[in-house]
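# Structural description and commentary
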Amino acid sequence: DANEIEDFAGSTEITLKNALKRTPKRDDYEIIKFELPALKNGDILLKMEWISVDPSLRVYHNKYNIPYDQFGYTLGIVIESKNDEYPVGTRVVTYEGWCDYCVVNPNKPVIPGQRILYYKLPDLKGLPMSMSVGALGMPGVTAYLGFLEICKPQEGDTVVVTGAAGAVGSLVGQIAKIKGCKVIGFAGSDDKVQWIEEELGFDKAFNYKTVNISAAIKEAAPNGVDCYFDNVGGEISSLIINEMNDFGRIAVCGSISTYNNDVCQLPKASILQPTVVMKQLKMEGFVVWRWNYRFPEAIQQLTELVLNGKLNPKEHITVGFENVFDAFVGMLNGENVGKAVIKI
Ligand code: NDP
């Protein structure tokens, strides 16, 4: 839009000022306004339209120098271009994080095992573009390949998912149903439990804040658990793993129950080694980037599943760049149902 380009003055981005061992507060962040550089050959100027807020920002907070930019996937539109492959109007998925405009050169090679920094919006066949940072983007690929490649589900398996009403977990449970598994989910409120049972078709769901985890699994899975997709870690996961069958498979995707803790003072959880040995379990952590070369294939498969009505991806939409922080902390506190995204 020509007026937008005329009005365009610079960019605003948000950085975290201090390493934190607690849930972040608004004044832990700094809002930085700055003038963007003139475009060089190969550069594009992007105006962000959608921003994803992801739990992983809390994992990396102690790993990088402070202050650091709040990264994560965004969807932007090219409003000025010195790159023939990305003319004005092209939509680009980027890893630029919490900013409203940016100048980038998108011709960065994809390095095996590393995050993909830029790619053109894939053909979502009319589905909402916001899904490119959710079910049809990194979280979707995490659910799809993380579950299929590591849990290797067989028809009739019993699958447990934690974080079951979130972006990744809600997809894992539905993919497990597509594979003919029995699915049990754990989520943090009665409303979420109702949603995943009634709308998503989970066989059984529980509010992990109010049930006895071991008793709940014994009741819902009297024949034991074959696969566990672990989004949360901590004691809940130890209790679930203790209910697994011989040769069970555990995909360790995340441990959000520990992300705001001091890494030296992680919450206590039961020792698992005797169970892992005696039940001959396979427990494998993964980072989705290991499959970065399979993103196009996975996104295409996920798009088909959504179009065929087999996968129901829900989005939890917040409006306004100024609300990114609240959306992020809200997500950490479990306010989101499905994928937390911000419309700019
Ligand atoms: P979600 O959409 O699931 O949002 C986070 C959810 O975590 C909240 O809604 C909340 O739901 C739950 N939660 C917060 N605190 C706790 C706690 N103490 N115990 C249990 N649950 C809690 O986020 P994502 O789907 O984006 O991410 C889910 C997991 O997957 C995270 O651990 C993330 O780091 C991981 N991940 C890993 C990737 C990889 O490559 N390995 C890639 C992408 C994500 P509730 O109301 O149920 O508590």
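Going by the structure above, here's the rest.
Here goes a summary of the coordinates provided. (Residues numbered from 1 in each chain as written. Predicted model: local features only at pLDDT ≥ 70, side-chain atom pairs only at ≥ 80, totals over all residues. Heavy atoms only, no water.)

### Observations concerning the side chain of S130
Locating S130 in the fold gives a position in the loop between β8 (118–120) and α3 (138–151). Looking at S130, its side chain comes within polar contact range of the side chain of E315, at 2.7 Å. With near-sequence residues (within four places) excluded, S130 lies in contact with W50, E315 and V341. (Helix = DSSP H or I, 4+ residues; strand = E, 2+ residues; numbered from the N terminus. Polar contact = N/O pair within 3.5 Å; in protein donor to acceptor, adjacent residues only side chain to side chain. Contact = heavy atoms within 4.5 Å.)

### A look at the packing of α3 against helix α9 (residues 295–307)
Two numbers describe how α3 lies on α9: the axes approach to 9 Å, and their chain directions differ by 90 degrees. The orientation of α3 with respect to α9, classified from their angle, is roughly perpendicular. Here M138, G140, V141, Y144 and L145 of α3 lie close against α9, whose contacting residues are F295, A298, I299, Q301, L302 and L305. In the contact of α3 with α9, the residues fall into nine nonpolar, two polar and no charged. (Axes fitted to C-alpha atoms, helices over the stretch in contact; angles between N-to-C directions. Parallel < 35°, antiparallel > 145°, perpendicular 65-115°, else oblique. Nonpolar A, V, L, I, M, F, W, Y, C, P; charged D, E, K, R; others polar.)

### Comments concerning helix α5 (residues 190–198)
Side chains that are three or four residues apart share a direction in an α-helix, a result of its 3.6 residues per turn. Of all the residues in α5, the buried ones are K192, V193, W195 and I196. All buried residues of α5 fall inside an arc of 165 degrees around its axis, so they share one side. Within α5, the exposed residues directed more than 90 degrees away from the buried face are D190, D191 and E198. Looking at the buried side of α5, the elements it contacts are α4 (167–178), β10 (182–187) and β11 (204–207). (Buried < 20%, exposed > 50% of the residue type's maximum accessible area, 1.4 Å probe, protein only. Arc of directions from axis to C-beta.)

### Comments concerning the nonpolar core
Ranked by size, the top nonpolar core spans 75 residues in total, and within it Y73, W98, F147, I175, I196, F295 and F328 carry the most contacts. For this core, the element with the highest residue contribution is α3, accounting for nine residues. In this structure, V160, A216, I250 and L272 belong to the second largest nonpolar core, which totals 19 residues. (Core = buried A, V, L, I, M, F, W, Y, C linked by side-chain atoms within 4.5 Å.)

### Some remarks on the packing of aromatic side chains
Tallied over the full model, the rule gives twelve aromatic pairs. Residues W289 and F295 carry aromatic rings whose centres are separated by 6.3 Å and whose planes lie at 15 degrees to one another, so their mutual orientation is stacked. Among the residues examined, F295 registers a relative accessible area of 2% and is labelled buried. Joined through ring pairs, the aromatic side chains of F71, Y73, Y95, Y119, W289 and F295 make up one cluster. The ring of F71 is capped by R115, whose NZ or CZ atom sits 5.3 Å from the centre of that ring. Over the face of the ring belonging to Y86 we find K120, whose NZ or CZ atom lies 4.9 Å from the ring centre. (Phe/Tyr/Trp six-rings, centres within 6.5 Å; stacked < 30°, edge-to-face > 60°. Lys NZ or Arg CZ within 6 Å of the ring centre and 35° of its normal.)

### A closer look at the pattern of salt bridges
Counted under the stated rule, the structure contains twelve salt bridges. Residue E149 is joined to R294 by a salt bridge in which the shortest nitrogen-to-oxygen separation is 2.8 Å. Residue E149 is found in helix α3, and its partner R294 is found in the loop between β14 (282–285) and α9; the two are separated by 145 residues along the sequence. Looking at E149, the relative accessible area reads 28%, which means it is partly exposed. The buried category is assigned to R294, whose relative accessible area is 16%. What you see here is one network of salt bridges that share partners, running through E149, K152, R294 and E297. (Salt bridge = Lys/Arg side-chain N within 4 Å of Asp/Glu carboxyl O.)

### Focus: the pairing of strand β16 (residues 339–343)
Regular strands place their side chains on alternate faces of the sheet. β16 sits mainly inside the fold: four of its five residues count as buried. Sheet analysis places strand β3 (residues 44–52) next to β16, joined by three bridges and oriented antiparallel. When the bridges of β16 are listed, S52 appears paired with V341. In this view, the connection linking strand β15 (residues 315–319) to its parallel neighbour β16 by way of helix α10 (residues 324–332) has right-handed handedness. (Pairing = 2+ DSSP bridges. Right-handed = clockwise from strand over helix to strand, strands pointing away.)

### Considering the sheet that holds β10
The six strands are arranged β11-β10-β9-β12-β13-β14 in an open sheet whose pairing can be described as parallel. In this open sheet, the two strands that pair with only one neighbour each are β11 and β14. Between one strand axis and the next, the sheet turns by 15 degrees as a mean value, whatever way the strands run. Taken together, the four bridges between strand β13 (residues 244–252) and β14 define a ladder with parallel strand orientation. In the strand pairing of β14, R249 is matched with K282. Against the sheet, α3 makes contact with β9 (158–162), β12 (225–230), β13 and β14, and its axis sits at roughly 150 degrees relative to β13, the strand it touches most.

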